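# Topology and contacts: notes
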Amino acid sequence: MKPSFHPADLRKTVVEMAFAGNAVHLGCAFSIIELLSRLYGRHLRYDETNPDDPMRDYLVLSKGHGVMAQYACLYELGWLDRKDIDNYFHDGSRLKGLSDAHVPGCEVTSGTLGHGLSVGVGLAMAAARKKTGQKCYAIIGDGEINEGPIWEAMLFAAHAKLDNLMIIVDANGFQAMGTTDEVMQLGDLCAKFSAFDFDVLPVDGHHLDAISAAIEALEAKKNGRPKALVAKTVKGKGVSYMENVNAWHYSRLTPDLYVQALREIEGAMA
Amino acid sequence: MRTAFSNALVEAATQDERVVLLTGDHGYALFDEFRKRCPGQYINAGIAEQNMVGVAAGLAKAGLRPIVYGLSAFIPVRVLEQIKIDVCYEKLPVVFTGDGAGLVYSTLGTSHQSFEDIACLRSVPHIEIMSPCDAHELTACMRMALRAEGPVYLRMGKADVGQVHASLPDLRRGQLVRVREGHHPVALIATGSMVKAACALGDELAASVWSAPWIKPLDTRQVAELAAGASAFVTFEEHSAAGGLGGAVLEALSETRPLPMLRVGIGERFSQTCGSYAHAMREHGLDLASVRERVLPFAARWKAS
């Protein structure tokens, strides 16, 4: 049976592995928890027993910094095991701090930003050419949109009429050194996607049913236009002292903060 | 050479429906035949090379066999990171073809001249580097490239310097091909467009001449055996003398049979003036007269006794 991918469970795993590995990028992982919960729980088609099933839908995590959220999902699927979580960043372990295509369930090697979306476009294009019905969901960060290849990929996807591609923007409003407005203003993202011939919807990226409704509404239109979901999210969502505090792009958990984070997350489970 | 390339593309695509050709809006007349014969396998990805390589990686991951065409100034140099991360890390079977390598675009200047491509790729794991010297070698290389399990970079330089081989050579992965017999103690090893010049000097010196269709891998045992029977090597390439064929041969021998080597290639300079291809080759000391001036005194030091 499919796991539940309950957001609080996923956040708990992220906190546990971040503490085990003294790892950073918690804020980046927490903003995409609900998105991944719904993608893995409802929208992606895959074989639970085989991450490499050639007929799988593709989930491309182009914003590789959020990879702990994906690891948490892969752990629920049993594609990663408890040892991977408890030994995160330990010498000789297999999970890295950014998305890595050698990990079962990870499609791309990213974190060097602006790479994954193009690979996702290629995957969507191959599926369209072979008429397999496979879809590709590519999660990009709003900060990542600074990268030139993102715009190249958008132009190309629209030109190639890839309506089996959905770009999901994790619009948490922050990037490494500040807010997206401070660093490189993005303006109206929905308008930009529209101008690039995408079907686009904004959504509250932490509202599970709203996410599903938006994905379904976009996918209902088989019109040759690629899809974009602009998910308004909160960086660090789910732990009070991390929410919208950009230091949690880089900060590490102390034992006290770890206990507090677990307490808050477990409170959300109750 | 361009006709051979076009023919090889058509042959590949008609024999294997998984083959798709991606171009970054380059190769106008070059792909006329391909577009006519295999329109469904032709993708103009626009002037957006970074995305093109990522897309090729995705296509290859899903089971297709992409051939990415560009000028060697862009493919691989501009997209080195995409080649490294998106393609080589996963050992995806993508064939990159870098056209106009070296000084071919003599009149367009530094942006289009390309003599660092081999050096850039040599340090990236899992990618093979091929550098055919004429149409026959190109055809043979293309066939090998399309059968490769992993990524390949195929470097194409000046197309019309003439034939080296009389027929399709029998290539072995990583091996040099002898194109002239000789008994001079100095052996000449050249790649791409410079094999013709090496042949001319080989004739003058009665030296053996070897073409290097592969820069990577390079059969180090073969190179060491060749070194065992020689007093010195001269390498020739229309590429930086640092990090190219000469560097690869030098490194191959460094632990087993270090040998004096003259590396003929492009030095620490960009082109300063505009002009014909012949002019650019002269400016960089790669025309036959300039090369002869360097090679003959070097070879004379090991004159057969």
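Each value, and the rule that gives it
Residues numbered from 1 in each chain as written. Chains lettered and ligands numbered in written order. Predicted model: local features only at pLDDT ≥ 70, side-chain atom pairs only at ≥ 80, totals over all residues. Heavy atoms only, no water. Contact = heavy atoms within 4.5 Å. Buried area = accessible area lost by both parts, 1.4 Å probe. Salt bridge = Lys/Arg side-chain N within 4 Å of Asp/Glu carboxyl O. Polar contact = N/O pair within 3.5 Å; in protein donor to acceptor, adjacent residues only side chain to side chain. Helix = DSSP H or I, 4+ residues; strand = E, 2+ residues; numbered from the N terminus. Nonpolar A, V, L, I, M, F, W, Y, C, P; charged D, E, K, R; others polar. Domains from an automatic or database assignment.

### Comments concerning the interface of chain A and chain B
Many authors give the size of an interface as the accessible area that is lost as the parts come together. Counting residues at the interface gives 22 residues for chain A, matched by 24 residues for chain B. Interface area, chain A with chain B, both sides summed: about 2,000 Å², of which 59% is carbon and sulfur. The three residues of chain A that bury the most area against chain B are His115(A), Arg129(A) and Glu152(A), which together make up 28% of that side's buried surface. Applying the counting rule to chain A against chain B returns one salt bridge. Of the charged contacts, one joins Glu107(A) and Lys61(B) as a salt bridge, the two residues approaching to 3.8 Å between their closest N and O atoms. Applying the counting criterion to the chain A and chain B interface returns 11 residue pairs in polar contact (both at pLDDT 80 or more). Among the elements that take part in the side of chain A that touches chain B, helix H6 (residues 116-130) of chain A stands out by supplying nine residues, more than any other. For the side of chain A that touches chain B, the residue count by class is 10 nonpolar, six polar and six charged.

### Quick look at the domain arrangement of chain B
Residue and element names in this part refer to chain B. Splitting chain B by domain gives domain 1 (2-155) and domain 2 (177-300). A separation of 25 Å is found between the C-alpha centroids of domain 1 and domain 2. Contacts between the two partners involve 29 residues from domain 1 and, on the opposite side, 31 residues from domain 2. Where domain 1 abuts domain 2, roughly 2,300 Å² becomes buried across the two surfaces, and 58% of that area is made up of carbon and sulfur atoms. Per-residue buried area on domain 1 facing domain 2 is highest for Leu 103, Phe 115 and Arg 122; these three make up 33% of the total on that side. Measuring nitrogen to oxygen at the nearest pair gives 2.6 Å for the salt bridge that ties Arg 122 to Glu 251. At the surface where domain 1 touches domain 2, the tally comes to 21 residue pairs in polar contact (both at pLDDT 80 or more). Those elements that place two or more of their residues in the side of domain 1 that touches domain 2 are helix H5 (117-122), strand S5 (128-130) and helix H6 (135-147). At five residues, H5 tops the list of elements feeding residues into the side of domain 1 that touches domain 2. The residue makeup of the side of domain 1 that touches domain 2, split by class, is 16 nonpolar, seven polar and six charged.

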